[in-house]
Structures are given as structure tokens and as C-alpha cells.
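Residues per chain are reported as follows:
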Amino acid sequence: MSATHRVQISGYVGGAPETAAVRLIASLPAHWGAALLTCTRNTATLALTLPTNISPAQMVNVVDAVLATTALHGWVRNETVHRRPNGES
């Protein structure tokens with residue numbers, strides 16, 4: 001069973017959160033599911049669905065490594081919110 005994690009990233013004022021979210025999603029492993037949930041003026045919140053063999057710590061490491069690339073300069077992970085197996089509330 002896979003698990004869904006909510007991840008929020010933020011960037012500089014005037015940055016485009018939609019573009020940052022697309023760049024982040026495009027750089028994640030292909031076997032991860034990802035969906036953009038919301039954007040504000042300088043944040044984007046995504047839902048990442050991971051295979052069961054990926055731990056929350058591994059997910060955070062991958063997201064942080066992607067955010068450290070040149071394409072996402074200025075963007076950081078704010079928080080990772082709850083982990084829940086799919087199908088559970």
C-alpha cells in the first residue's frame with residue numbers, strides 16, 4: 001500500500017510557485033505520484049504518493065536534493081505534513 005505525504009515549498013517574493021512545483025514534480029523519481037494541491041503568492045503545496053519501500057526520511061532527502069538544484073534556486077521545503085496510507089482518512 002502506498003502512502004501520501006503533503007509537502008509545502010516556499011520561494012522568494014515574485015517567484016512563480018506553479019513553475020517551481022512543476023520543476024519539482026518533473027525531477028522526482030518516476031515511480032512516485034505527485035499532484036499540485038494549492039499555490040499562494042510564494043508557496044506551493046503538493047501531495048506525494050510513495051511506494052511503501054520509501055521512508056519519510058528518504059522522501060525528505062530526495063525533495064531537499066531536488067530543491068538544491070539550480071532550477072529551483074531560492075525554493076525551500078517548509079514542512080512535510082502527515083503520512084497516511086491511501087484509502088484511510
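To start, this report covers the structure provided alongside it. Quick caveat, the model's predicted, so the values are computed rather than measured. Residues take numbers from 1 onward in each chain, read along the sequence in its written order. Under the rules for a predicted model, residues below a pLDDT of 70 receive no local features and side-chain atom pairs below 80 are neither given nor counted, while totals for whole chains, interfaces and linings still include all residues. Only hydrogens and water are set aside when side-chain values are computed; all heavy atoms of the structure are taken into account.

Quick notes on helix H1 (residues 17-27)
Each α-helix winds once per 3.6 residues, and so residues spaced three or four apart point in a common direction. Note the following rule: Burial here depends on accessible area, computed with a 1.4 Å probe over protein chains only, as a share of the maximum for the residue type. Under 20% is buried, over 50% is exposed, and the range in between is partly exposed. Counting from the N terminus, the helices are the DSSP runs of H or I reaching at least four residues and the strands are the DSSP runs of E reaching at least two. Taking the helix axis as origin, the arc is that swept by the directions to the C-beta atoms. Throughout, a contact is declared for two residues whenever any of their heavy atoms are within 4.5 Å.
Along H1, the residues classified as buried are Pro17, Ala20, Ala21 and Leu24. Down the axis of H1, the smallest arc covering the buried residues is 100 degrees, so these residues share one side. H1 presents Val22 and Ala26 as exposed residues on the side facing more than 90 degrees away from its buried surface. Looking at the buried residues of H1, the elements they touch are strand E1 (3-10), strand E2 (33-39), strand E3 (43-50) and helix H2 (56-67).

Quick word on the pairing of E2
The condition is simple: Between any two strands, at least two bridges found by DSSP are needed for them to pair.
Here E2 pairs with E3 via six bridges, running antiparallel. Among the inter-strand pairings, Ala35 is bridged to a residue of E3, identified as Ala47. Where E2 hands over to E3, the hairpin turn is made up of three residues, counted between the paired strands.

Overview of the pairing of E3
Across a regular strand the side chains alternate sides, sitting on one face of the sheet and then on the other. The element E3 is largely enclosed, with a buried count of seven among its eight residues. Pairing of E1 with E3 involves eight bridges; the strand directions are antiparallel. By the bridge assignment, Ala3 is partnered in E3 with Leu50.

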